[in-house]
Every structure is written in C-alpha cells, then in structure tokens.
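# What the coordinates show
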Amino acid sequence: MMKPRYKKLLHVGAILLLAFTLPLHAAVAHQDHPYHFGFKKSKNGQLPSINEEGFKSIVDRHGAVFLGDTSKKELYLTFDNGYENGFTPAILDTLQAKKVPAIFFVTGHYVKEQPELLKRMTQEGHLIGNHSWSHPDMTTVSNEKIKEELTRVSEAVAKVTGQANMRYLRPPRGIFSDRTLAVSKELGYTNVFWSIAYKDWDTKVQRGAKYAFDSVMSQLHPGAVILLHSVSKDNADALGSIIDEARKRGYEFKSLDQLPQKQAGTP
C-alpha cells in the first residue's frame, strides 16, 4: 500500500505537470487557430482595413500581403485558377492587348490539365503562383503535408514552363493560421491575400459584365491587390473595361514582383 506522503508527492507532481503543459497546449492551439481572410471594404477610394479582423499582427509578423503601396495609384491583378472553365484564353488575350501583367495562382489539377495555358502565361510575362496541389484547408494538415502540397505544384510548374522560382502563395479558400504562414514563409513563400474581391467564383450565379465591372470599380483604391476567379465569364467579359477605366482614373497595373515589401496590414 502506498504511504500517504508518497500519494501527496504524486498529487503535487501531477498538478505541477498540468500547470506546465496547459500553457504549452494553449500556445500550440493559438498557433493553429484558423482564420478566414476578410477585410473592411474600400468605399469611395478610402483604404480597406484588416484592423478589426483579429489577425493583423499575424499577417504582419509573417510578411503576408494584402495591400501594395497605398501612397501610389498602383494595382496588382491576381487570378485564382483552381480549374479551367474556358475563359482563361480570353483573359490572357485581354491582358496581352492591354499590356497588363498578372499572376495566376494554380492548383495541381490545373497544372495537370492545362499545361499549354501555363506555358502561355509565362511566355506572355505573367507570374504563376501556388494555390496548393489539392486545395486543402492547410490549417488541418501537418507541416510535412503543407510542404508536399506546395512543392508538388512548384516542381510541376517548373517542369512545364521553366519557371524556376515560385515565390507567391494564395492559401486555399483564404484560410490560414499562425502556423501555416510560418511554415510557408520558411519555404520561401510570400502569402498573398487581397483588398478587392466579390463573389465571382460561383459559376451558377453569373450576373453579367456590368455587375463584375461595378463590383471591382466600387472598391478601387491605391495599392489594391485585386482577386478575380478565372472561372467567371463575368470577369472575362468585364476585364478590358476594368483596365481601361482604372487607367482613366490614373491607376497603373504592376506585377507582384514590383510589390513593395512589408506593406501588409496598412492601415
């Protein structure tokens, strides 16, 4: 039979162990708390904000981007290409005719199914970014799985296009955590979010080119990172008008490679 003093020592030891491990578990849980990227939208040319979303310090700490230089009338055009819906060739035609650079964030499915479009993107001076191989919620997978998801895309794109370096990542569905930003940053990626967007990804709810045009132009602001989904017919039809009107308002379109560093979270 265990003596009372030994029982007391074991009880004290268990309490001390719990006291030390609870903060550790809390820290790990905090690191992996999932956030869905969102922002206060721009109106009347005012700047958007992530100050009220609860993740500004995390985005800033890891050098993630959602704005460019807000002191200049510069725009950064980005497309998410999870799959091809027949509109990317028209988008590329418009970008070529207007001499506008863009970045296309692609998944493994897109890489496998659309090698010729990937080649055209790079041949016409556009960047290709990482949107993960299988489009998972990266906060739910291990660090090793994140590395595998990103490496498969970068290696496959390099094999198809010759693009040696892939520097930019758009987290699938805009879901991220302190951990996922840290892991992807360690792999050499800048996470790219956005400061202009609208519900354009639902191919069953397309409302026409004017709706797309109005949705983008109503949010226009200096340093905007514009998110468009290439599966949208509305986007393909409105893109030329969006570019022309933005230029009329004094804006210039730039490549993400021209994006100033440490601009995330301003203001």
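These remarks concern the structure in this document. All figures in this text were calculated on a predicted structure; none of them were measured in a lab.

Before going further, it helps to spend a moment on the layout of surface pockets. Within this model, the largest pocket holds a volume of roughly 470 Å³. If you trace the largest pocket, you find 21 residues lining it, with Asp 80, Arg 173, Trp 201, Leu 227 and His 229 closest to the centre. Every element with two or more residues in the lining of the largest pocket is listed here: strand 2 (74-81) and strand 8 (224-229). Across the lining of the largest pocket, the residue classes tally to 10 nonpolar, seven polar and four charged.

A few words on the side chain of Ser 184. Along the chain, Ser 184 falls in helix 7 (residues 178-186). For Ser 184, a relative accessible area of 1% puts it in the buried group. At 2.9 Å, the side chain of Ser 184 forms a polar contact with the side chain of Asn 191. Beyond its immediate stretch of four places on either side in the chain, Ser 184 contacts Leu 150, Leu 169, Tyr 189 and Asn 191.

Grouped together as the largest cluster of nonpolar side chains are 46 residues, with contacts concentrated most on Leu 77, Phe 79, Leu 95, Phe 104 and Val 106. Counting residues per element, this core draws most heavily on helix 9 (residues 233-248), which supplies six residues. Residues Ile 50, Tyr 168, Leu 181 and Ala 197 belong to the second largest nonpolar core, which totals 26 residues.

On to the pairing of strand 8. With six of its six residues buried, strand 8 lies for the most part within the structure. Pairing of strand 2 with strand 8, which is carried by six bridges, proceeds in the parallel orientation. By the bridge assignment, Phe 79 is partnered in strand 8 with Leu 228.

Let us now look at the side chain of Asp 80. Note that Asp 80 resides in strand 2. The contact partners of Asp 80, leaving out residues within four places of it in the chain, are Phe 105, His 131, Arg 170, Leu 227, Leu 228, His 229 and Ser 230.

The next thing to look at is the packing of helix 6 (residues 143-161) against helix 7. Interaxial distance between helix 6 and helix 7 falls to 10 Å at its minimum, and their mutual angle equals 50°. Our classification of the angle between helix 6 and helix 7 gives oblique. In this structure, helix 6 crosses over helix 7, and the sense of that crossing is right-handed. Taken together, the residues of helix 7 that come into contact with helix 6 (itself represented by Asn 143, Ile 146 and Leu 150) are Arg 179, Thr 180, Val 183 and Ser 184.

Relative to the 27 Å expected for 19 residues at 1.5 Å per residue, helix 6 spans 27 Å between its end C-alpha atoms, a close match to the ideal helical length. Within helix 6, burial applies to Ile 146, Glu 149, Leu 150, Val 153, Ser 154, Ala 156, Val 157 and Thr 161. In a view along the axis of helix 6, the buried residues occupy a sector of 165°, so they form one face of it. The outward face of helix 6, more than 90 degrees from its buried face, is lined by the exposed residues Glu 144, Glu 155 and Lys 159. A positive phi of about 85° marks Gly 162, the residue just after helix 6.

So, how was this worked out
- Every chain is numbered on its own, with residues counted from 1 as its sequence reads.
- In view of the model being predicted, local features appear only for residues whose pLDDT reaches at least 70, and side-chain atom pairs are presented and counted only at 80 or more, with totals across whole chains, interfaces and linings using the full set of residues.
- No hydrogens and no water enter the side-chain calculation; it runs on all heavy atoms of the structure.
- Note on definitions: the grid is 1 Å and covers protein atoms alone; a cavity is a set of points where a 1.4 Å probe fits but cannot get out; a pocket is an open set with protein on both sides within 12 Å along at least five of seven lines; lining residues have an atom within 4 Å of a point.
- Grid points are joined across faces, edges and corners, and a volume is the space filled by probe spheres set on the points.
- Only DSSP runs of H or I with at least four residues qualify as helices, and only runs of E with at least two residues qualify as strands; both kinds are numbered from the N terminus onward.
- Classes in brief: Ala, Val, Leu, Ile, Met, Phe, Trp, Tyr, Cys and Pro nonpolar; Asp, Glu, Lys and Arg charged; the others, Gly included, polar.
- Only protein chains enter the area calculation, which uses a 1.4 Å probe; residues under 20% of their type maximum are buried, those over 50% are exposed, and those in between are partly exposed.
- By the criterion applied in these results, polar contacts are pairs of N or O atoms within 3.5 Å in which, for protein atoms, one can donate a hydrogen and the other can accept it, and in which residues neighboring in sequence qualify only through two side-chain atoms.
- Throughout, a residue-residue contact means that at least one pair of heavy atoms, one from each residue, lies within 4.5 Å.
- To qualify as a nonpolar core, a set must consist of buried Ala, Val, Leu, Ile, Met, Phe, Trp, Tyr and Cys residues joined through side-chain atoms within 4.5 Å.
- At least two DSSP bridges between two strands are needed for those strands to be called paired.
- Throughout, an axis means a line fitted to C-alpha atoms (over the contacting stretch in the case of helices), and angles, computed between N-to-C directions, take values from 0 to 180 degrees.
- We call two directions roughly parallel when the angle between them is under 35 degrees, roughly antiparallel when it is over 145, roughly perpendicular when it lies between 65 and 115, and oblique otherwise.
- Each crossing is labelled by how the near helix is turned from the far one, with a counterclockwise turn of less than a right angle marking it left-handed and a clockwise turn marking it right-handed.
- The span one expects for a helix is its residue count, reduced by one, times 1.5 Å.
- The arc refers to the directions leading from the helix axis to the C-beta atoms.

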